[in-house]
Structure formats: structure tokens, C-alpha cells
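Chain residues, written in single-letter form:
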Amino acid sequence: ISLSQKIPLGGKLGIQESIALKDVAIKTLELEVRKLQMTQEIALLEQTYSRIDKDLALIEKYEKILEDLRHAHLSYNTTSAHYADTLNNTILQKNLSIEKKTLLKEKATVVRKLESIITIALPEIRVNDTLLSYALHDEEKLLESAPKLQLPNLKSNRTLLELNLAKANKIPDIMVSIGYNRREGRDNYAFLGFDIPLPIYGRENIAIQKAGLMQSSSEHSIQAIHKELLFELRDELLNKELQYEKLLLAKEVLHENEKMYAVLQSTALSQNDALLSLLNVLMQMLEAQKQMNQYTFAYNESVIKIYT
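Reading guide: rules and limits
Residues numbered from 1 in each chain as written. Predicted model: local features only at pLDDT ≥ 70, side-chain atom pairs only at ≥ 80, totals over all residues. Heavy atoms only, no water. Helix = DSSP H or I, 4+ residues; strand = E, 2+ residues; numbered from the N terminus. Buried < 20%, exposed > 50% of the residue type's maximum accessible area, 1.4 Å probe, protein only. Contact = heavy atoms within 4.5 Å. Areas by Shrake-Rupley, 256 points an atom, 1.4 Å probe, with all protein chains shown as cover. 1 Å grid on protein atoms, 1.4 Å probe; cavity = no way out; pocket = protein on both sides within 12 Å on 5 of 7 lines; lining within 4 Å. Points joined across faces, edges and corners; volume = space filled by probe spheres on them. Phe/Tyr/Trp six-rings, centres within 6.5 Å; stacked < 30°, edge-to-face > 60°. Lys NZ or Arg CZ within 6 Å of the ring centre and 35° of its normal. Expected span 1.5 Å × (residues − 1). Core = buried A, V, L, I, M, F, W, Y, C linked by side-chain atoms within 4.5 Å.

Chemist: So, the overall build of the protein chain: which residues are in play, and what are the values?
Modeler: Each helix and strand counted, the protein chain has six helices and three strands in total. Along the protein chain, helices (α) and strands (β) appear in the sequence β-α-α-α-α-β-β-α-α when read from the amino end. The buried share of the protein chain, taken over its 308 residues, is 33%. Within the protein chain, residue pairs in contact and separated by at least 24 positions form 82% of the contacts whose partners lie at least 6 positions apart. As displayed, the protein chain has an accessible area near 19500 Å², and 57% of this comes from carbon and sulfur atoms.

Chemist: Tell me what's going on with the layout of surface pockets, and back it up with residues and numbers.
Modeler: If you add up the space inside the largest pocket, you get close to 470 Å³. Around the largest pocket sit 17 residues that line it, and Leu143, Lys305, Ile306, Tyr307 and Thr308 are the ones nearest its centre. Where the lining of the largest pocket is concerned, the elements lending two or more residues are helix 1 (12-76), helix 3 (139-142), helix 4 (147-168), helix 5 (202-265) and helix 6 (272-307). The element contributing the most residues to the lining of the largest pocket is helix 5, with four residues. The calculated volume of the second largest pocket comes to roughly 250 Å³.

Chemist: Let's hear about the environment of Ala108: which residues, and what values?
Modeler: Mapping Ala108 onto the fold places it in helix 2 (residues 80-118). The partly exposed category is assigned to Ala108, whose relative accessible area is 33%.

Chemist: Give a description of the packing of aromatic side chains that names residues and reports values.
Modeler: Think of a pair of aromatic rings as described by two things: how far the centres are apart, and how the planes are tilted against each other in angle. Enumeration over the complete set of coordinates arrives at three aromatic pairs. Between Tyr244 and Tyr299, the aromatic rings sit 6.1 Å apart at their centres with planes inclined by 50°, giving tilted as the arrangement. Of this pair, Tyr244 sits in helix 5 while Tyr299 sits in helix 6, and the two are 55 residues apart along the sequence. Look at Tyr299 and you get buried, because its relative accessible area is 10%. Above the face of the Tyr134 ring, Lys240 is positioned so that its terminal group lies 4.3 Å from the ring centre.

Chemist: A description of helix 4 should follow, citing residues and the corresponding values.
Modeler: With 22 residues, helix 4 extends 31 Å from end C-alpha to end C-alpha; this agrees with the ideal 32 Å at 1.5 Å per step. For helix 4, the full list of buried residues reads Pro147, Leu149, Leu151, Pro152, Leu154, Ser156, Thr159, Leu161, Leu163, Leu165, Ala166 and Ala168.

Chemist: Summarise the nonpolar core; cite the residues concerned and give the values.
Modeler: Counting residues in hydrophobic clusters, the biggest one holds 32 residues, and the most contacted among them are Tyr62, Leu66, Tyr261, Leu282 and Met285. Among the elements of the structure, helix 1, helix 2, helix 5 and helix 6 are those that each provide at least two residues to this core. Here this core takes eleven residues from helix 6, the largest share from any one element. The residues contacting Tyr62, other than those within four sequence positions of it, are Leu96, Leu282, Met285, Leu286 and Gln289. Ranked by size, the runner-up nonpolar core spans seven residues in total, among them Leu143, Ala146, Leu149 and Ile306.

Below is the structure:
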């Protein structure tokens, strides 16, 4: 009858416990990263939905303006020249109709994507005409605590623990046994034994080399991911400022076209060429407002990406 116990040396049990704790932390952080990715995806789709709705509202508004102009023009003068200008009006209306159908198709695609992510019927999305608020400072310093960068750091720490464990495995474990040996016809005796394996380290040395290479690779991965995230951050910061400047410029263009539109309104129904000029200015106003929607969306998109 004997009892035996293996006694690990070199702190192997403590290292294995640390590796297990790192595995839990890595899994938790992976879930956090995935949550941020889904949050970003949903937020960008909602912004796209909002932009499409604003474009649709603009097209409906200008469709009504064109229809009112066409009726007013026909009722004011019925000469052939005025009919030609009215034809231009009708072509613009058809173009807006095609654009409207395109936007409706795009909107349906966004709705399907949103519903596939949240797996429930899409709730009503509030259309927001304003820019998202932005209150971050020292973004590059904040990047150090980003989950996307913490994750490779954790994985690198785990590979370091695996390297330490591989080195600790070179220290042989001791097997201690105690027992009682009962023998027929001879004296019985109790015994205490210590077993130590022979230090042949071929497999252990290979494991250390492999763990060392994995540790070096993980450190290079941290540097590469940090550079990539830093580049993306700086790119989005520049894009945010660029879209804001474009938005201001589009507002100025719209303001100038609105003043021109007000001037042309007084002569649009009485002069042959005035209606065509009015329609051109009207379309420029529409394009300027659509650009404002696009620049607002692009600005908000950058803000969402920076935050997530």
C-alpha cells in the first residue's frame, strides 16, 4: 500500500493559473471588441438611413416646386417657346422620380441589414439633421486604452507566460511516495521514496524556442496594430475636419443660389430664357442641399469611427 504526490517545482502551478486568468480576460475583451464593432455598424447604418430619408424629403419638396412651376408657366403663356421650357421642367421631374426610386431601393437594403443584425423588427429611427457632438481630446493618448489595442497586449502577455512555463518545465518535478510493504515469510516494512526524472531536455528546449518565437511575433503584432490604428485615427480626424469645411462651403453655395433664385422668380414666367435659368438654379440648390446631407453623414461617420 502506498500514497504518492507529484510536487511541481519552478512555479509551474502559478504560471498555469496566470495563463488561465489571461484566457478569461482575452475572451472578455474579444466580446467587448465585437460589441464595439456591432455598435459601430448599427450606428453607421442608422446614419445612412437618416441621410436617405433627408434626400427623399428634399426630392419630394423639389418635385412639388417643379410641378407648381410647370402649371404656373403653362397658365401664364402658351407660346411654343414656353412649351419648350416646360418640357425641360418635365425632364427634370422624371430625373427626380428615378432618383427617388433609387433611394427607396437603397433604404430597403439598409433596413434589411439592420434587421439582420438586431434580429427584430426595425424600430422607428429618428432623422437627425445636426452633426454629432464631439468632445474628445488627446485622441492618440486615448488610443492606448482602446480594446482593439488592449487585446494584442493581453495575447502578448499570455505568450510571455507560455515562454516562462516552457522554461520552468526544464526544472524536473519531484515525486514523493510513502507506503507500507507487507511480505509473506519476510519482515514487513514502511518506506519513503523520492523520484526525480533524468534531465534530458530535447523536447523542452524545442518548446522554449517555439515559445520565444511566438513571443517575438506577438510583440511585432502589437506594434503593427498600434501603427494601423494610429493611422486610421489620424485619417478619420482629418476627414472629420474636411467634411466640416465642405459642409460650410455647401451652405454658402446654397445661400448664393437661393439669392439668385429669388431674383429669377420675378421674370421666370414672362421671359423665354428665364425659366431655364430658374430651373438650373433650382437644381443647383437641390444638389447643394444633397451635398450638405452627404457631408453631414460623412462627418458623423468619422465621429462614430473615432469613438468606437
